[in-house]
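Now for the letters of each chain:
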Amino acid sequence: MTVSRTSDMSAVTRDQVYTACIVALIANAIAKTVVAAASTNLVGGLIGGLGFSWAFWLSFALCVRLAIASDPRPAGRPDWLIGAACILAAATPIGEVSSAAATGLGLWLTFDRSSSVRLKAAAMVLLAITINLLWGRLLMVFFVAQIAAVDAHLVALIVHTSAQDNRVLMLDGRHMSIIQACTSVENASIALMMFVAIVRTFRPAPRPLEWLYLGAVFAFVVALNDARLSLMARNMSMFELVHGPASWVALNLILTLAGLVGATLCVRRELLV
Amino acid sequence: MNSSSRFWLAAGAALLVSLASKVILGVLRDRLPEAPSANEKLREFLIASRVGPVAPVWATRPAPGIVGWRFGSGVCAGQAFPSDLPGNLDFQAQTHAPDRAHVSYVYRGLVERRPPKMRLAVDVITFRLFSEFTPTRAHEPSYVVVVYAASCSASPSLRWDRLRLN
């Protein structure tokens, strides 16, 4: 009986264990936000991405796709122990614990020498997702004022007015406050997550040149966001137009495209082969 | 059924149980009594402080509602706003403060010239970690932004140490 169970267990592969861990951790990390978005307005919530960007959902799907069939070796004792720890973290009622555990899992798989290239690629995408889910938000809790102030001063420079902290003097004499949701860093983290997901999907092993592309995508999103804020700083009618209900959908689309275009350029050789 | 299928079945069941428990916990928490909002506590404090008439400050963005309170009368009448989520950077107080107004921040009974960013950030993180286990639906820690006219030499003298927002 014992022998049979051991051989049964050994038939489960490492990629299966880690794919299950990734799905369980991310699903539990986002559960509360998804339920809240769906219960408020199901159709609107679905169109808007259930509280998350479309880039997030695509990255999550690509992460799972990379993890599946990435390492066919039988799962060993350490894999089962890590799997059990992940399920335990996913079961806690605090979503942030799941995100933190996903970071731990991502780091473990990235630096574990026995991980296959594809499993490491999945781990890197998982890390990019957790930056968007947890670490970026944590950074914002501490430094949102400074980050918003940088955007405010950039916008003031573009429209030739002045800024104080996170407030920009608009061209019509009013003031515009830049808050967390409007900052470039908040928006750039979404594009960067998608960039990592797409590049790792087509080229699992990283190359040093990718950092340049990553920097270019970041700079592009910051420029795009500051151009949007500068339009808003012209007058109230422009503010209403750019900040209107359709704005989030449009911005979501543009950020998704920015990550997509940057990633496509980065892996163009792999795509053309 | 082979071991691989059994594994996926078990993993799927574990995922379902963990997600269902979160949904059920969420529904149960929604039935718990909600703690009074920071805005309501602030109004009660201002009334108890006998600072004169206390009137609501209304805003239309991001949603219509009361965002703070006007208190006192004359040139030294003040306004007090509970801070919103940390990411909103006192948006409402900034919007309603007159030009060159004096602004001070009250957190845990202390009046300061700068917002208590770091202490609040630590308190917010602690709150988020433990809020699921509290007997009421509490609100995130917040401070009060006090605004008063530039022509007044000092902030309205109130016993801010008696204000318990969180």
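Colleague: Could you give an account of the overall build of chain B, with specific residues and numbers?
Modeller: Each helix and strand in chain B was counted, giving four helices and six strands. For chain B, the α and β elements follow one another from N to C terminus as α-α-β-β-β-α-β-β-α-β. Its C-alpha radius of gyration of 22 Å places chain B more than 25% over the 15 Å reference for a compact globule of 166 residues. Seen through its C-alpha atoms, chain B measures out along the principal axes to roughly 80 × 30 × 25 Å. Scored against the burial criterion, the 166 residues of chain B give a buried share of 27%. Counted over contacts in chain B with a minimum sequence separation of 6, partners at least 24 positions apart contribute 60%.

Colleague: Quick one: what's the story with the overall build of chain A, residue by residue and with numbers?
Modeller: What chain A contains, in helices and strands, is twelve helices and three strands. Along the three orthogonal principal directions, the C-alpha set of chain A runs to about 80 × 45 × 35 Å.

Colleague: Requested: an account of the interface of chain A and chain B, with residues and values cited.
Modeller: Each partner contributes residues to the interface: chain A has 31 residues there, and chain B has 27 residues. Listed by contribution, the elements that provide at least two residues to the side of chain A that touches chain B are helix 1 (2–10), helix 2 (14–40), helix 5 (77–91) and helix 7 (117–159) of chain A. Per element, the largest residue contribution to the side of chain A that touches chain B is nine residues, and it comes from helix 2 of chain A. Taken together, the residues of the side of chain A that touches chain B break down into 22 nonpolar, five polar and four charged.

Colleague: Provide a residue-level description of the sheet that holds strand 2 (residues 167–169) of chain A, including the pertinent values.
Modeller: Residue and element names in this part refer to chain A. The antiparallel open sheet is built from three strands, whose spatial order is 1-2-3. Unpaired on one side and paired on the other, strand 1 (163–164) and strand 3 (175–177) mark the two borders of the sheet. Summarising the sheet, strand 1 and strand 2 pair through two bridges and their orientation is antiparallel. Residue Q164 lies in a different strand from strand 2, and its bridge partner there is R167.

Colleague: Account for the nonpolar core, naming residues and giving values.
Modeller: In terms of nonpolar packing, the biggest core is built from 82 residues, with L25(A), C63(A), V125(A), A191(A) and M193(A) touching the most fellow members. With sequence-adjacent residues up to four places away left out, M193(A) is seen in contact with A55(A), F56(A), S59(A), A128(A), I129(A), I131(A) and N132(A).

What counts, and where the lines are drawn
Residues numbered from 1 in each chain as written. Chains lettered and ligands numbered in written order. Predicted model: local features only at pLDDT ≥ 70, side-chain atom pairs only at ≥ 80, totals over all residues. Helix = DSSP H or I, 4+ residues; strand = E, 2+ residues; numbered from the N terminus. Rg over C-alpha atoms; globule rule 2.2 N^0.38 Å. Buried ≥ 20, exposed ≤ 12 C-beta atoms within 10 Å, placed from the backbone. Contact = placed C-beta atoms within 7 Å. Nonpolar A, V, L, I, M, F, W, Y, C, P; charged D, E, K, R; others polar. Pairing = 2+ DSSP bridges. Core = buried A, V, L, I, M, F, W, Y, C linked by C-beta atoms within 7 Å.

Remember, this is a structural readout, not a statement about activity or role.
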